[in-house]
Amino acid sequence: MKDLKEIASYTLEALTRAGADQAQCTVARGRTKELNIDGGEISLMRTLLDNQVSMKAIKDGKKGTAAINKFDKAAIDQAAAECIEAAQAGVADDAVTIAALTTNAEFKVGADGEDMDAFYDRITEFLDTVNKEYPKIILEQVISDYSESDSVFMNTNGVCHRVQRGGYYFESMFSAHEGERATSFNSYGSQFSDLSRPIIDVGMQRKLLEQSQQELNAKKFEGKFTGKLLVSPGCLGDFINMALDNFISDTSIIDGTSPWKNALGEKVADGKLTVSMVPLDPRMSGGERITDDGYVSENYDIIKDGVLRDFGLSEYAARKTGNKRAPNTSGCMAIAPGDTPIAEIIKGLDRAILVCRFSGGQPAVNGDFSGVAKNSFLIENGEIKHAVTETMISGNLAAMLNNIPAISKETVEDGSSSLPYALFDGITVSG
Amino acid sequence: MLEDLLTGPVTSGGAHTELRAQTTESVKVSVVSGNLIANAGGTAGGVCARVYKNGSWGFSSCADYDADSVRAVLKEARENGEFLDGKLNKGKAPLPEMKPYITDAPAAAPILPRKLYIDYAMALDAHIAKTYPKLSGRRVIVTGEKFEKLLCASNGTHAHTVAPRVYVYVFLSADTKDGETLELFDVLDGGSGYFPDYFTDPAQYYEKIDSLYNELMDKTEGIFPEAGTADVIMAPSLSGMLAHEAVGHTVEADLVIGGSVAGHNLGKEVASPLVNMVDFAHTALGKPCPLPVYVDDEGTACADEVLIKDGILVGYMNNLESAQRFDMAPRGNARAFAYSDEPLIRMRNTAVLPGKDKLEDMIASIDHGYLLTRTGNGQADTTGEFMFGVNMGYEIKNGKLGRALRDTTISGVAFEMLKTVSMVSDDLVWESSGYCGKKQPMPVGIGGPAVKCKVSIGGQ
């Protein structure tokens, strides 16, 4: 079988034949062309062709899932039988369900076809620019690709969506070197739908390369203080994601360990903080159009002006806990900018750490975290003084979100997020 | 079992070539406070080819596995290699072809019905719910996976391997008297093999769950360590993490080429003379490693790689290309995770070797410090700077264990911290449940004894 809708229909038939009361499937075909740089040299070109059939069946109120990457009827029949067997082995649960029929949709998002010659030229342009303008940088690894996929979601309620997507992705990992001195590695990833701009000009790429060279003169941080932490846009996304994982994930809401479990509609953060998930925002490159549960994606706010608006749950977790499901499952995060230019925020700081990468353990369930501030700088008397090494930071994520003196006016876009700088207070910094 | 469609198409023609067919099966069952949250399983497979052309690599993979797709991936991989060679013209010499490794298909079992995993997880969950009413949350996760590979390489290697592994994890949560929720987890058991090789009667792990519960209760009354540099004893799970994250990654030859700290430390003293570190292939100290690897995905037979000998950095882990560059012997560290992945330089079973000390003597030797017993994750830098999350530990006062610790983090610079190692216990404990992350995930074993050293520890 070659037609994705035909394969999806066959998969639902196979599940129903095997005994499913309700069933859903996603059938997708993907193609990736990838170019790698290792140790500063272009090293590898890859072509990847993949298929995907993921299926879910509900039988007697019990759910089973299975996934294969073959499109032939024998493989689908066998997977359907295993899916039903898994469901029968499960536990009946009123919360399991499949998407209700609303309006079926078809989307075409992102780039419309590859231009590998132009992409190759952009990559060599990036390499040349790094070698010329950032001579102390070694590109430890670059992974760049053009990926396209065609995907059909179908279920026995009559839902049938199709999404065709294409886009470029570029991720660099780099460090600066001078003699035997070397900096911590840093990395930056971005995605885009066209090749109109030099890759080095996307998002934070240039800034991070420049900072990496400055880190060659880093000093070990000595002493300890409790005070302000200025978090760069990329790192802010990591901190917010850690908080969301801890406080509003399916698991933490279902098992009741989240300190925010009863906080919907209540203030959980400083009034300056608004966190939204916005796959439909034009700044997002080829953002999600259909949720994991099979609904048409919509933008939504998780925290609006400091108030918790949505848990961001799957449909199962929503039904299990009496909440509503997330309007999208994209992870395309936008944090609303503040009204202070970043230069002014820095100018107003007596002493703080600018953290650009956080290397830390999994935060505790209550939000306690500690880790190393990587690729980070000491700010004193309103100026960025120098890079620091071996600097530990610790605090509590919930407390930190309530203690935000400023958010920058500027935001940085990388194709999957739009994030400002944010200043937090009450963080312990030690060397 | 994978049918052999690969024999025949691979010829070197002066260019190192690999053809690999692979199937990966996986099962994951997750029970959260009595609810069956995940009941998932899957199979993914296909065929791939990789070709080396004068210093450039071409790769291609396809989810279909038949004679046509084998020919197609080989052709596409060659064309990708030729495309880059035409653009880059590196003109490098052919790679050395190693002695071939030939093995027939080993005995393999199916990954077993999902019911076995679900019933076991639900039984453990029911026991925990009944036995420990003070808990505020609980999770049981059971995982199984099986990697079957058929590899033909231009050096004559023809290897058919099957590598299954299974694990059971238990997570317990409890509230402090201030209402804060704390969590602790343990991998009850598992490793290379199939589910019944380890798990038959849930009762065999009740004692281990009881210990975990008691530690969690200690932790709810725990303290934060004082931030700063401290004398610590890293339990084996941490020293294994140290071997993997803080040293292992820096001596992967591709990261050495990328500028890691090991590049200018080969042959130099990087640790106390008490420190010895080896990346074992399949057998360590006369016993099978937790995840044995006999042949890598370039077709090289696996052998141990000594990394640190008596405190001196003596080796890197290589693939064929880096071994040629550094004039070292490749020992089978080029590993690929999925059928669509190219081999990368990866660790196998990396361990700090045991010393001569007893843990109780090590604790008695510390006036003020910490015993760090459990870790959840770790990260390291190419500079050797590392960070581990510490989920459980105890303070040491005047040579005796004191109060439990809350979650914290330790950090240091590997080649500085290793020079502070002053005692090493005489045992070796392996763990193998996690994945190493480096473009692709990879199952690895990590092991070590308890190690006394100085590190930076986070406080509050």
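Residues numbered from 1 in each chain as written. Chains lettered and ligands numbered in written order. Predicted model: local features only at pLDDT ≥ 70, side-chain atom pairs only at ≥ 80, totals over all residues. Heavy atoms only, no water.

## Observations regarding the domain arrangement of chain B
Residue and element names in this part refer to chain B. Our working definition: For the domains described, the bounds stem from an automatic or database domain assignment. By the convention used here, residues are in contact when the closest approach between their heavy atoms is within 4.5 Å. By definition, the buried area sums, over both parts, the 1.4 Å-probe accessible area that each loses when the two are put together.
The domains assigned to chain B are domain 1 (7-220) and domain 2 (228-457). One C-alpha centre belongs to domain 1, the other to domain 2, and the line joining them spans 21 Å. Contacts between the two partners involve 50 residues from domain 1 and, on the opposite side, 39 residues from domain 2. With both chains or domains summed, domain 1 and domain 2 bury close to 3,400 Å², and 52% of this area falls on carbon and sulfur atoms.

## Topic: the interface of chain A and chain B
Quick note on the threshold: One side-chain nitrogen of Lys or Arg within 4 Å of one carboxyl oxygen of Asp or Glu is enough to make a salt bridge. N or O atoms within 3.5 Å of each other form a polar contact, as long as, within protein, one can give a hydrogen and the other can take it, and as long as residues adjacent in sequence are counted only when both atoms are side-chain atoms. A helix here means a DSSP run of H or I that spans at least four residues, while a strand means a run of E at least two residues long, and both kinds are numbered starting from the N terminus. Amino acids outside the nonpolar list (Ala, Val, Leu, Ile, Met, Phe, Trp, Tyr, Cys, Pro) and the charged list (Asp, Glu, Lys, Arg) are all regarded as polar, and Gly is one of them. Two strands make a pair as long as DSSP finds a minimum of two bridges between them.
Opposite the 73 residues of chain A that make contact, chain B presents 78 residues. Summing the contributions of chain A and of chain B, the shared interface buries around 5,700 Å²; its carbon and sulfur component is 50%. When the buried surface of chain A facing chain B is broken down by residue, A:M45, A:Y120 and A:M392 rank first, second and third, together holding 9% of it. Taken together, the connections running from chain A to chain B amount to 10 salt bridges. Its salt-bridge partner being A:D368, residue B:R406 comes within 3.4 Å of it at the nearest N-O pair. Summed over the shared surface of chain A and chain B, the number is 42 residue pairs in polar contact (both at pLDDT 80 or more). The dominant element in the side of chain A that touches chain B, judged by the number of residues it contributes, is strand β2 (residues 41-59) of chain A, at 11 residues. Of the residues contributing to the side of chain A that touches chain B, the split by class is 25 nonpolar, 28 polar and 20 charged. As defined by bridge partners, β2(A) adjoins strand β3 (residues 56-62) of chain B across 6 bridges and the pair is classed as parallel. Along β3(B), the bridge assignment pairs A:L48 with B:S61.

## Re the packing of aromatic side chains
Filter applied, for reference: A pair of aromatic rings is counted whenever rings of Phe, Tyr or Trp (Trp by its six-membered ring) have centres within 6.5 Å, and the orientation is called stacked for planes under 30 degrees apart, edge-to-face for over 60 and tilted otherwise. Exposure categories follow from relative accessible area, calculated using a 1.4 Å probe and restricted to protein chains: below 20% of the type maximum is buried, above 50% is exposed, and the middle band is partly exposed.
In this structure the tally under the stated criterion is 25 aromatic pairs over all chains. Arranged with centres 4.8 Å apart and planes meeting at 45°, the rings of A:F247 and A:W260 form a pair that is tilted. Of this pair, A:F247 sits in helix α5 (residues 233-248) while A:W260 sits in the loop between α6 (250-254) and β11 (275-277); the two residues are 13 residues apart in sequence, bridging distant segments of the chain. Judged by relative accessible area, which is 0%, A:F247 ranks as buried. For A:W260, a relative accessible area of 5% puts it in the buried group. Aromatic pair B:F195 and B:F199: ring centres 5.2 Å apart, planes at 45°, arrangement tilted. You can call B:F195 buried: its relative accessible area is 2%.

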